[in-house]
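# Breakdown of the fold
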Amino acid sequence: MSRDARWKALLELLVERGRLEVEEAAAELEVSAATIRRDLDQLAEQQMLVRTRGGAVVHGVSYELPLRYKTARRASEKQRIAKAVAELVAPGEAVGLTGGTTTTEVARALAVRGDLGSGSPALTVVTNALNIANELAVRPQFKIVVTGGVARPQSYELIGPSRTGC
């Protein structure tokens, strides 16, 4: 089992259970306890979990894999999908992009389309994702509309009502 596959399995087990012991993870994944300890230490360094004596617990209440980890997974497939989607968009249209690693790749694919370099705007993008807005905001050919809400650190999305309690 590759390290990435092991990490994914560990994180999925952790999400299901909320807590994971080294010995039980080693038995389930059929690897040594030392391998699991190293994996948990590395995942803790990336703030994907909280390391405890003999195991780990989830990092936060509503745990999801952080975007920086998801981005590298299946990158070539995401780029192929993004290219195909970007080719479907015509100049002058408006598109909506939610947060996520594949939609971030779609935004990047749209950004490099030469035929979207003219017009005012060449494309309108409506998004709830801060990272997508950031990718495209520096490109004057795009009109960027960002929804409101509260920033979600796992995905950089703005979600829910924008109540601040003020």
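Shown above is the structure to which this text applies.
The text that follows walks through the structure, step by step, so that each part is easy to find. (Residues numbered from 1 in each chain as written. Predicted model: local features only at pLDDT ≥ 70, side-chain atom pairs only at ≥ 80, totals over all residues. Heavy atoms only, no water.)

The next point concerns the sheet that holds strand β5 (residues 123-127). Taken in spatial order, the three strands make up an open sheet running β4-β5-β6, and their pairing is parallel. Of all strands in the sheet, those with a lone pairing partner are β4 (94-97) and β6 (142-146), marking the two edges. Looking at each pair of strands side by side, their axes are set apart by 20° on average, direction ignored. By the bridge criterion, five bridges tie β5 to β6 in an arrangement that is parallel. Bridged to Leu123 within β6 is Phe142. Running over the sheet, helix α6 (residues 101-111) touches β4, β5 and β6 and is turned about 150° from β4. Strand contacts of helix α7 (residues 130-137): β4, β5 and β6, with the helix running at about 160° to β6, the strand carrying the most contacts. (Pairing = 2+ DSSP bridges. Helix = DSSP H or I, 4+ residues; strand = E, 2+ residues; numbered from the N terminus. Axes fitted to C-alpha atoms, helices over the stretch in contact; angles between N-to-C directions. Contact = heavy atoms within 4.5 Å.)

One non-glycine residue, Glu30, adopts positive backbone phi at about 55°. Inspection of the secondary structure puts Glu30 in the loop between α2 (22-29) and α3 (33-45). Given the relative accessible area of 73%, Glu30 is considered exposed. (Buried < 20%, exposed > 50% of the residue type's maximum accessible area, 1.4 Å probe, protein only.)

The values are spatial; any link to function lies outside them.
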